[in-house]
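Okay, here's what each chain looks like letter by letter:
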Amino acid sequence: MRLVNKRSMAADAGDRQPQPELDIGQHETADEHMNDKDLDAELKKDSFLYRKAAKMTVRILLFVFALGSFLFGKVSFASLAHDIKNLTDLEEGRCLKAEAYWRMYWVVTIPYALCLVRCIWQGLGKPRIRFPWPDKCQLFKLLVYAFLESSFVCIFAFYIASQIENSALVVVLQSGVFTGTILYQLWKGCQCKEPDDLQLQTSGSSSYRASDDSDTTTIWPCFRRTRTVTRGWNILALICQLVPLGVLLFVVYKYEISPSEVVDAAPVGLCPVVLLGLSFLWCSAVQQWFLSRPGKPNEQAESVTEDTRTRKINVNINVNRRWKVGIVTGLLRIVFTTGFMLLIAKVDVLGASVSWHCAWNGLRFMESNNAFLINLFVSLGSYLLAWISCTTKMQRGTLVGPMAVSTIGAAVLLFVSCVWPGLQHVFERIGFNTTCANSNIETSLVLVMSFFLLMSQIVCSFAYVLKEKIVPLAKEENLFIQPFYSSPFNEQFLALNRKTVLDSAQRKLAHHKRTNAKVYICTTMYQESSSEQRDLLRSLKGVAEAAANTRDFRRYEAHIFFDGGASGSDVNRFALQLLSLLEEEIDRELARHLRKFQTPYGIQFQLSLPNDVPLFVHLKDSNKVKRKKRWSQVMYMSYVSHLNTNVSSSDVASANETVSGNEDGLPVESENVFILTTDADVIFKYESVEQLIDVLQRDRQVGAACGRTHPVGSGPIAWYQIFDYAIGHWFQKAAEHVLGSVMCCPGCFSMFRVEALKTVLATYRSDVEEASQFLKKDMGEDRWLCTILVEAGWRLEYCAAADNETHCPTSADEFFKQRRRWIPSTMVNLGQLCSNGAKIVRNNDSISRLFILYQAVLLFSSLISPSTVILIVSAGLAAAYDTTEIPIVITMLIITVGYGVLCLLSRQKVQLLIAKLLTFAFAILMGSVVVGILAQSVRSFSRLDSNAATPPTENSSTAVPQTATFSIADLPISTWYAIALAAIYLGASLLHPFEFHCVLHSLWYLLCLPCGFVLLIIYAICNLDDQNWGTRETSKNEEDKTAWNRFVGAVGKTLKRMFWCCSTEEVQKPPDNNSQTAATSSQEGAGEQHTREEITDSVSLPASCRDDARGMPGLDIRTFLKTNCRIEDETVIDKFRNAGYKNTTFLINMTAEEVQGLGVTGTGNIERLLWKIKSQLPDPSLLIPRNVWDNVSDFLETLGIKEDYESLFTSEGYTAGEDLVHLRRLSKEKLRELGITKEGHLKKLCLGIEQLQYATEEDSRICQALRLVHETRMLELQQEKCEEFQFWKLALELWLRPEISEYQKEKEKKLKSDLQSLRNEIVLIFLVTNILWIVLIETLANHSELKLADTNALGLFFLIVYGSVTAIQFLTIIWHRMITFAHWLARSPNSYLPASLQEPTANRGRRQRGPVLVNRGPRRGAEGRGQYRPLSESV
């Protein structure tokens, strides 16, 4: 009985029938389920509270640092301006004043210099087609812009600020640069048209959307009221900006005769002109007009690769041009600033020149440069704090507040310092030199101007910074227009340089376009267990439920592609297992919601997850479509990219033409359509999915992103993989992310941009033509997909915050077979990357030559890893037992080479058995190696102690201290390297506090070091020609029972009994007497067909379904033979009927001899009939349900032979249910003696007798699923969704149609031969390289004259190179952890609790959010797909 929670019952109360009461066992299950949900809710609540507290702490720290940076920046700038005014000595003072000018010059130009260096690093040397230089017209505009900006800034810094006596007035005047932006905003608001500019259809009145409970279509408001309020605030801010400037002009006019009473007239008269000029130059529209190419604001670049293929680079050219524009403007600003400073200083310093010697003195005498240093660091710090606040979505409290109050705060500090000597003394100790007001008039003037400018700065700060929507981890080029800051106008320029949309409606629409996304969760499935499938369904359900409680405009759709899930119209056992879990896990009544379609590739099931998230289960028929995981990926990539991608990414108004849209009707941009690839055994959460979306949306050049995968399992094999996965993500993926691009986004949990996949899909779905292609395409399809994405110019990233779990291999055999695919694929792809390095560097902006060199070093280290481990083991054993290394090295070489020869000559079963034996032996030896290394280190330190003092003399019993004859630097290189390596690994684990437990498993990793880097690599290389997948596959051919195999089997069983703790197989309990007797009798009765183990492992139907367990219906034998097998001879058909084969359910396990005995002639007819029986008939275990029946009559009715043999069994005394026990003891010969002579009846009766056994709860669910599949009417996809049907039909013809093995035997034979040749070549390369490395290392070690730093030169060089790589990886870990922490903060909650925990479950639902287009087109729900692209354009 299915459990239905209260919410589902309440939602379907009007449609569903009353549910029967649960029994006691189900009550216990319900209680346990509710307890688990309560526990999960409590854990989630605690997690959110913890994250909220952490975010609040960081917010407070950022607020304090930002406010301090702004305040100290203003006060230090006023102090530097005071030095220019007051240093007036004729002799010595002239140079001091020149130094003051140079200090102000450095303050102004150092931001330009840093911008120049950064732009050179980002843009210089990049391809001109994607990073173009400004043209002549733009160069002229940049020249004018840099000249005007530099002149205004220099006049204010070197003349106006230095000539004003009151430091507080200097600080206040810095806030007068918002006039131009306010005027532009007022003009833009008047020009904006409500329906046309917003591309929205609205009603005539100013109406807001309906309530959440209303079913009417919601629309955008006209924003008249919003614009009126905004216009009012803008007018107020404009008045506050203009009043102080008018006051200045009034003061200049009134005090023109005697200006010294208040201020100098000339600088104050220039102040309004300078401030107005800067306000217009720093207006966002003016900046973008000057800095962007005229007439092409959204220009895209095309890159032509060497293979003449052209693709669109998914990035705005103006974003890339920003760096080369920054180079030009940086140089121009520095030149113009230098010229203006020299001109002003030459006029001011009594006509004398300002020498460069004074410039150097201004930097050299640091004791008098405190204000300069403080301004330099706090200005840069404020810029970084602004970026951190915005990228972590905390700008509201940490940036806007300090911006708004910094001016008045600095003015207050300067006023207080004038009346409170204590604060003035503090300023003097710091190095701040400030001046106070000379009169009450000046004080009143400053107060009035402070009030008005403070009001305008508060309004502008909240308008330009606070209201702008930000995506998490936003890049700096997406936050700021220009990549620099201004020290004289610190927070003012940060506010004006911020990229923002001034109109409220357009701002919201732009944010919705930026964050709106469509995510297709695509899963490949094959033969996963019920627990693994359950985990996947729970993950999908969690995503569907959590998506309804967020404010992001994102829509999800789930697809499961089941390899071999269908055979004709029948469904296999694993697909039924999945369907049986759906109703239980997603709280949906499948009888009402399930739809079944006949498709060109097999069968498609369609239903919905919670909150109407569509779920599609695609069952692939191996006779209609290609098998294996890569072709499943090709199916859903082609499906999404060609049928569900936005037709036009820029036309927001054409909602009817939009293919992908969210539930609220807002169209999705084409670059915001993603595919989340998952395996069927992965556990993930909604937060991890959202974090991957954040990574892809922050940068349009990112083609894919992967998360942090945690292996799940128990036992030594799983423990080894826990540490292996940890260091792989900590070191390798983090380093690739920072240095260039991640080279492998695993298919278990990664998100791909559909626009990126479209550029490489043609290559990815190409067939295998060479042996190396087989290793890349079919053995490591995920890594190969990432390699061709990187070659195409896309960047791949690693998001450590996106956690997920996967079931890892827990047995040694499965682990070895998995790595047998991974190791060769990794090496082949890295080899392709290094060989095509020059081409990739030209085509990919993220890849540099240093990154290619880094990958080449890793490839070489992998190549010599077996010999390196042999040397380490040999050195450790030699140190442990005080012997020489050469005999140990030779012994190790003999063992490893012998194992390699064994792998080349024997079957994999033998190889794996020997590998396990060697692993156990090497693990014991590694204990001695660890002891030897520790002993060697202790002896090294003992030498320090022994050489630190002289031995006692005859006259003294104590040691006499001796001058340093031996220092700690004299320790051996190996000791230093081991200490450094241990420190790096410990530091990496400390940087991952939530994963610190992974370090505990390093012991198993250390003990299995020879296994992982010697045996595993040898096994993988020597089995390159093996084309089997290895995992989740059943053996097709039984091995010959030779004496050697019997010996191997006996040894294996003995080892399993001895080392039971390392085995993951469940130990079967000894059966009791009754079960033992029954098993023995059963084996005697049905011994010809299957062993008892095979019967127990088969899937059939249980006693709980005995009313419905009537087996699968069969096709009439006449129809089957004539229609499917083209056998028209009535004589043959009659022979089939007379032999008991009245329908297809009796044809199971037919042999060629039996077919010939029934009169079928012709090899073609026989082969066709056997192929039809094998391919179209279902699993025999599904034909007859596993059950213990009430009586013999029901049992015979299930088999379909009741009319033929009921009287016979009754006459023999087999009638009641307990008589079925005696039937299990009857052999096939006994049944013939009873009178059952028809071969078809006899075979099916034997199969039914085998199925006479108790069933499990899983069988019960499969029984219900099988009944549901048969009762659900099969719909034709061609009639329901014609466009999709046509797509699949054409896709099958072009890419997906399976090749008949009989027609490609020569191709398979050639591929196998090529794989063997490639294997031999690689084995030879490995053998020669590793032996040569060992010989060189050992030979150099025995020649002291060739040693360097007490070690051989080659080994030292390797340690330096590999140590440098490890150190670089550790530095990248630190940087990546900072990025991860910022992402974690950005995704931390702002409210006290998340909405899902605040609201009751019964009241939870999907809220209407944001703008909705009225003309939304067809709704894309579980019933349909909306509109499709033309088929000619799709395929």
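If you're wondering where the values come from, they're calculated on a predicted model, not measured in any experiment.

Cut-off values and rules
- Residues numbered from 1 in each chain as written.
- Predicted model: local features only at pLDDT ≥ 70, side-chain atom pairs only at ≥ 80, totals over all residues.
- Heavy atoms only, no water.
- Helix = DSSP H or I, 4+ residues; strand = E, 2+ residues; numbered from the N terminus.
- Expected span 1.5 Å × (residues − 1).
- Bend = angle between axes of the 7 residues up to and from the residue.
- Buried < 20%, exposed > 50% of the residue type's maximum accessible area, 1.4 Å probe, protein only.
- Contact = heavy atoms within 4.5 Å.
- Core = buried A, V, L, I, M, F, W, Y, C linked by side-chain atoms within 4.5 Å.
- Phe/Tyr/Trp six-rings, centres within 6.5 Å; stacked < 30°, edge-to-face > 60°.
- Lys NZ or Arg CZ within 6 Å of the ring centre and 35° of its normal.
- pLDDT = per-residue confidence, 0-100.
- Pairing = 2+ DSSP bridges.
- Salt bridge = Lys/Arg side-chain N within 4 Å of Asp/Glu carboxyl O.

### Digging into helix H38 (residues 1009-1022)
1) Next: Taking 1.5 Å as the rise per residue, H38 with 14 residues should run 20 Å; its terminal C-alpha atoms sit 19 Å apart, in good agreement.
2) Next: The axis of H38 is deflected most strongly, by about 30°, at Leu-1016.
3) Next: Among the 14 residues that make up H38, 13 are buried, leaving the element largely enclosed by the rest of the structure.

### Considerations on the environment of Phe-452
1) Next: Tracing the sequence through the fold places Phe-452 in helix H17 (residues 440-466).
2) Next: Put simply, Phe-452 and Ile-239 are 213 residues apart on the chain and 8.1 Å apart in space, counted from C-alpha to C-alpha.
3) Next: Dropping the residues within four chain positions of it, Phe-452 is found in contact with Cys-240, Val-243 and Pro-244.

### A closer look at the environment of Met-403
1) Next: By the secondary structure assignment, Met-403 is in helix H15 (residues 400-419).
2) Next: For Met-403, a relative accessible area of 1% translates into the label buried.
3) Next: Spatially, the C-alpha atom of Met-403 lies 5.9 Å from that of Glu-491, the residues being 88 residues apart in sequence.

### Things to note about the side chain of Gln-773
1) Next: Relative to the helices and strands, Gln-773 is located in helix H28 (residues 771-777).
2) Next: Those residues in contact with Gln-773, other than ones at most four positions away along the chain, are Asp-767, Val-768 and Asp-778.

### Brief notes about the nonpolar core
1) Next: In this structure, Met-104, Phe-156, Phe-158, Leu-173, Leu-278 and Trp-282 are the most contacted members of the largest nonpolar core, which totals 106 residues.
2) Next: The greatest single-element share of this core, amounting to 12 residues, is contributed by helix H2 (residues 24-86).
3) Next: What Leu-278 contacts, discounting residues up to four positions off in sequence, is Glu-149, Phe-152, Val-153, Val-177 and Phe-489.
4) Next: Listed in part, the 65 residues of the second largest apolar core include Tyr-899, Leu-1009, Ile-1322 and Val-1323.

### Focus on the packing of aromatic side chains
1) Next: Overall, the coordinates contain 42 aromatic pairs when judged by the stated rule.
2) Next: Relative to Trp-1288, the ring of Tyr-601 has its centre 4.9 Å away and its plane inclined at 65°; by these criteria the two rings are edge-to-face. Taken together, the residues span a long stretch of sequence, with Tyr-601 in the loop between strand E6 (595-599) and strand E7 (602-609) and Trp-1288 in helix H54 (residues 1282-1296) at a distance of 687 residues.
3) Next: Residue Tyr-601 is classed as buried on the basis of its relative accessible area, which comes to 1%.
4) Next: By relative accessible area, which is 1% here, Trp-1288 ends up buried.
5) Next: The rings of Tyr-720, Phe-723, Phe-731, Phe-815, Phe-816, Tyr-985, Tyr-1005, Phe-1013 and Tyr-1019 are connected pair by pair, giving a single aromatic cluster.
6) Next: The ring of Trp-289 carries Lys-141 above its face, with NZ or CZ at 4.2 Å from the centroid.
7) Next: The ring of Trp-631 carries Arg-630 above its face, with NZ or CZ at 4.6 Å from the centroid.

### Digging into the environment of Ser-1313
1) Next: If you trace the backbone, Ser-1313 turns up in helix H55 (residues 1305-1341).
2) Next: Judged by its relative accessible area of 38%, Ser-1313 is partly exposed.
3) Next: Ser-1313 sits 288 residues away from Asp-1025 along the chain, and the two C-alpha atoms are 8.2 Å apart.

### Comments concerning helix H47 (residues 1192-1199)
1) Next: Counting buried residues in H47 gives six out of eight residues, a clear majority hidden from the surface.
2) Next: Listed as buried for H47 are Val-1192, Ser-1193, Phe-1195, Leu-1196, Thr-1198 and Leu-1199.
3) Next: Looking at the buried positions of H47, the neighbouring elements they touch are helix H48 (1202-1211), helix H49 (1220-1223) and helix H51 (1239-1250).
4) Next: Backbone geometry just downstream of H47 places Gly-1200 in the positive-phi region, at approximately 80°.

### Digging into the confidence of the model for the protein chain
For residues with low pLDDT, the predicted coordinates do not support detailed interpretation.
1) Next: Chain-level pLDDT for the protein chain is 75 on average; 71% of the residues reach the 70-or-more range.
2) Next: Element-level mean pLDDT values for the protein chain span from 32 in helix H41 (residues 1092-1097) up to 94 in strand E12 (residues 749-753).
3) Next: Note on residues 256-263: pLDDT under 50 across the span, and 12 contacts to partners over four residues away in sequence or across chains.
4) Next: For the stretch residues 646-665, pLDDT sits under 50, and the model shows 65 contacts to residues farther than four places along the chain or on other chains.

### Regarding the pairing of strand E13 (residues 795-807)
1) Next: Most of E13 is tucked away, with 10 of its 13 residues classed as buried.
2) Next: Where strand E10 (residues 682-684) and E13 come together, three bridges link them in antiparallel fashion. Note on E13: the bridge partner recorded for Phe-684 is Asn-804.
3) Next: Where strand E11 (residues 702-712) and E13 come together, 10 bridges link them in parallel fashion. In the sheet register, Arg-708 faces E13, and the bridge partner there is Asp-803.

### Overview of the pattern of salt bridges
1) Next: Across all of its chains, the model carries 33 salt bridges by this definition.
2) Next: Close ionic contact of Asp-694 with Arg-554 constitutes a salt bridge, the shortest N to O distance being 3.6 Å. Here Arg-554 lies in strand E4 (residues 554-567) and Asp-694 lies in helix H25 (residues 686-698), a separation of 140 residues in the sequence.
3) Next: On the basis of relative accessibility, which here comes to 4%, the residue Arg-554 falls in the buried class.
4) Next: Note that Asp-813 and Lys-916 form a salt bridge whose closest N and O atoms lie 3.2 Å from each other. Within this pair, whereas Asp-813 is found in helix H30 (residues 812-835), its partner Lys-916 is found in helix H35 (residues 908-947), the two being separated by 103 residues in sequence.
5) Next: Asp-813 gets classed as partly exposed once you look at its relative accessible area, which sits at 28%.
6) Next: What emerges from the salt-bridge pattern is a single network uniting Arg-534, Arg-538, Glu-584 and Glu-585.

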